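Remarks on the overall topology
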Amino acid sequence: MNWSLTLNRRFVFLGLAFFIASQANASNRAFEAIDIPGAVCGDGSPYHVLFAPGDPSKIVFNFEGGGACWDALTCHGPIPVTSLKITNRFFMRGGLISTDPAISPVTDWTMVYLPYCTGDVHVGKHVARYLGRKVRHVGGLNFPRALKTLLTQKRIDVSAARELLVYGQSAGGIGAAYHAAQLAPYLNPSQRKTFIMDSSGMHFPNNFWHRFPKDMLKDFREALADFGVTLDINDGMLAKHAKDVCGHFPDWKIGVLQGSYDLMMSIIFGNIPPTLHDKWVYARDGLYQQTLDPHDNCSAWVPRHYRHTYLTDDWSTKVRAGGVSAKQYIQDLLDGFGGLTYRSY
């Protein structure tokens with residue numbers, strides 16, 4: 001038995017439990033569940049999105065996080081990552097979805113919340129079997145179906161929107177980038193478009209990708225290519241591609257929030273100490289230095305902090321980097337004043 005790998009998988013469950021338990025209660029908007037025809041979770045159960053109406057000219061797509069799964073233990077273990085049970089019980093807890101303008105900069109926006117239940121960072125397009133049990137890694141297919149449903153039902157009109165925010169938390173950040181690229185046919189140059197990635201890691205050891213089966217790697221490779229990144233399965237430093245991503249979305253404002261001591265992305269998923277993660281985040285190929293150019297469309301907010309995600313509960317929105325809170329950093333981007341990269345010393 002590979003005790004190191006087994007221990008790391010158990011850390012995944014502990015990490016998800018920590019992430020869930022850390023979400024604080026909040027004053028949240030009311031969501032309606034909208035069933036999406038043809039869309040399913042990893043366990044085959046029906047998929048729905050959560051919709052909260054607001055100003056129709058301002059739309060936010062919120063991609064939920066929750067790790068990934070790639071074998072029987074991670075997909076069928078104690079944390080139900082292939083069903084909607086986690087979303088319904090834990091993740092709707094404040095931060096960006098709060099109705100308090102002191103907490104969230106998008107309180108009056110129309111919000112589409114994309115639950116995560118496919119274990120594939122919202123980009124999968126295949127069905128796998130782990131110890132004989134089928135897992136539908138089809139997150140990459142669920143969003144187009146959801147978008148079609150919302151447009152058909154006239155819940156949203158992306159083409160007519162004045163402002164658009166695509167936000168992804170944790171694993172949802174990769175999916176958010178991929179699906180932001182898929183929105184291109186509906187967009188026009190006059191719209192103010194913002195993409196926010198919240199604590200999606202991107203600073204992993206070089207063997208990070210080796211745990212994933214070939215079909216999942218294929219999905220990852222194709223999704224990353226759609227927003228300007230070439231996947232090298234022997235290189236875990238995704239952050240060095242930040243400028244490529246920025247260049248792929250030239251008329252978007254792009255912001256990344258990432259704690260340098262992020263316990264989830266260092267210990268749990270990276271299997272590295274937080275001090276090494278901190279070193280990589282601030283290194284030449286790390287997020288901080290890759291986003292320092294004040295004249296491009298990319299920036300980052302990088303506190304020296306252990307926290308994982310900063311816009312998913314009320315308390316974390318108040319954490320500061322360079323004297324600026326997470327909430328203010330996002331507010332500035334949405335107002336068109338952002339562009340600076342912040343760090344803590």
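Anything mentioned here points back to the structure above.
**Describing the overall build of the protein**
- Helix and strand content of the protein: 11 helices and 13 strands.
- Relative to the 2.2 N^0.38 estimate, which gives 20 Å for 345 residues, the radius of gyration of the protein is 18 Å and therefore close to what a compact globule would have.
- Classification of the 345 residues of the protein by burial places 62% in the buried group.
- Across the protein, contacts joining residues at least 24 apart in sequence account for 73% of those joining residues at least 6 apart.
- With an accessible surface of roughly 13,600 Å², the protein has 55% of that area assigned to carbon and sulfur atoms.
- Positive and negative side-chain charges of the protein, numbering 34 and 29 respectively, have mean locations separated by a distance of 5 Å.

**Considerations on the environment of I272**
- When you line up the elements, I272 lands in the loop between helix 8 (263-268) and helix 9 (274-282).
- On the basis of relative accessibility, which here comes to 9%, the residue I272 falls in the buried class.
- Spatially, the C-alpha atoms of I272 and L217 are 22 Å apart, while their sequence positions differ by 55 residues.
- Apart from the residues within four sequence positions on either side, I272 is in contact with H203, P205, S266, I267, H277 and W280.

**As for the nonpolar core**
- Grouped together as the largest cluster of nonpolar side chains are 82 residues, with contacts concentrated most on F61 and V166.
- Here this core takes six residues from helix 5 (residues 172-182), the largest share from any one element.
- Apart from residues lying up to four places away in sequence, V166 is in contact with F61, F63, A176, A180, L183, T194, F195, I196 and W252.
- Among the nonpolar cores identified, the runner-up in size contains 24 residues, and I97, V324, I330 and L334 belong to it.

**Observations concerning the sheet that holds strand 7 (residues 163-169)**
- Spatially, nine strands are ordered 1-2-4-3-7-8-9-10-13 in an open sheet, and the strand pairing comes out mixed. The outermost strands of the open sheet, each flanked by one partner alone, are strand 1 (32-40) and strand 13 (342-343).
- As defined by bridge partners, strand 10 (residues 298-302) adjoins strand 13 across two bridges and the pair is classed as parallel. Note on strand 13: the bridge partner recorded for V302 is R343.
- On the sheet, helix 5 packs against strand 3 (55-63), strand 7, strand 8 (192-198) and strand 9 (252-257) and is oriented at approximately 145° with respect to strand 7.

**Quick notes on unusual backbone geometry**
- Even without being a glycine, S170 presents a positive backbone phi close to 55°.
- Mapped onto the elements of the fold, S170 is located in the loop between strand 7 and helix 5.

**Some details on empty space enclosed by the protein**
- Inspection of the entire model under this criterion finds five cavities of 30 Å³ or more.
- The computed volume of the largest cavity comes to approximately 260 Å³.
- As for the largest cavity, its lining consists of 18 residues, and the residues nearest its centre are V121, I174, S200, F204 and F208.
- Here the lining of the largest cavity is built from residues that sort into 14 nonpolar, three polar and one charged.
- Considered as a void within the structure, the second largest cavity measures approximately 190 Å³ in volume.
- For the second largest cavity, the lining is made up of 17 residues, of which M197, M202, H241, A242 and V245 are closest to its centre.
- Secondary-structure elements contributing two or more residues to the lining of the second largest cavity are strand 8, helix 7 (242-248) and strand 9.

**Some thoughts on the state of the cysteines**
- Per the counting criterion, the structure on display carries three disulfides.
- A sulfur-sulfur separation of 2.1 Å characterises the disulfide bridge that pairs C41 with C117. Classification of the bridge connecting C41 and C117 rests on its S-S torsion, roughly -85°, and on that basis the disulfide is left-handed. Highlighted residues: C41 in the loop between strand 1 and strand 2 (46-52) and C117 in the loop between strand 4 (109-114) and strand 5 (126-130), separated in sequence by 76 residues.
- Given the relative accessible area of 0%, C41 is considered buried.
- Note that C69 is cross-linked by a disulfide to C75, the S-S spacing being 2.2 Å. When the S-S torsion is 90°, as for the bridge of C69 with C75, the disulfide is right-handed. No difference in accessibility class separates C69 from C75, as the two residues are buried.
- Once the disulfide-bonded cysteines of the protein are ranked by sequence position, their pairing pattern turns out to be 1-4, 2-3, 5-6.

**Notes on helix 11 (residues 326-334)**
- With eight of its nine residues buried, helix 11 lies for the most part within the structure.
- Buried within helix 11 are the following residues: A326, K327, Y329, I330, Q331, D332, L333 and L334.
- G336 sits one or two residues past helix 11 and shows a positive phi near 85°.

**A word on the environment of V324**
- Here V324 is to be found in strand 12 (residues 324-325).
- For the pair V324 and S344, spaced 20 residues apart in sequence, the C-alpha separation works out to 9.8 Å.

Conventions we followed
Residues numbered from 1 in each chain as written. Predicted model: local features only at pLDDT ≥ 70, side-chain atom pairs only at ≥ 80, totals over all residues. Heavy atoms only, no water. Helix = DSSP H or I, 4+ residues; strand = E, 2+ residues; numbered from the N terminus. Rg over C-alpha atoms; globule rule 2.2 N^0.38 Å. Buried < 20%, exposed > 50% of the residue type's maximum accessible area, 1.4 Å probe, protein only. Contact = heavy atoms within 4.5 Å. Areas by Shrake-Rupley, 256 points an atom, 1.4 Å probe, with all protein chains shown as cover. Lys, Arg positive; Asp, Glu negative; His and termini not counted. Charge placed at Lys NZ, Arg CZ, Asp CG, Glu CD. Core = buried A, V, L, I, M, F, W, Y, C linked by side-chain atoms within 4.5 Å. Pairing = 2+ DSSP bridges. Axes fitted to C-alpha atoms, helices over the stretch in contact; angles between N-to-C directions. 1 Å grid on protein atoms, 1.4 Å probe; cavity = no way out; pocket = protein on both sides within 12 Å on 5 of 7 lines; lining within 4 Å. Points joined across faces, edges and corners; volume = space filled by probe spheres on them. Nonpolar A, V, L, I, M, F, W, Y, C, P; charged D, E, K, R; others polar. Disulfide = S-S within 2.5 Å.

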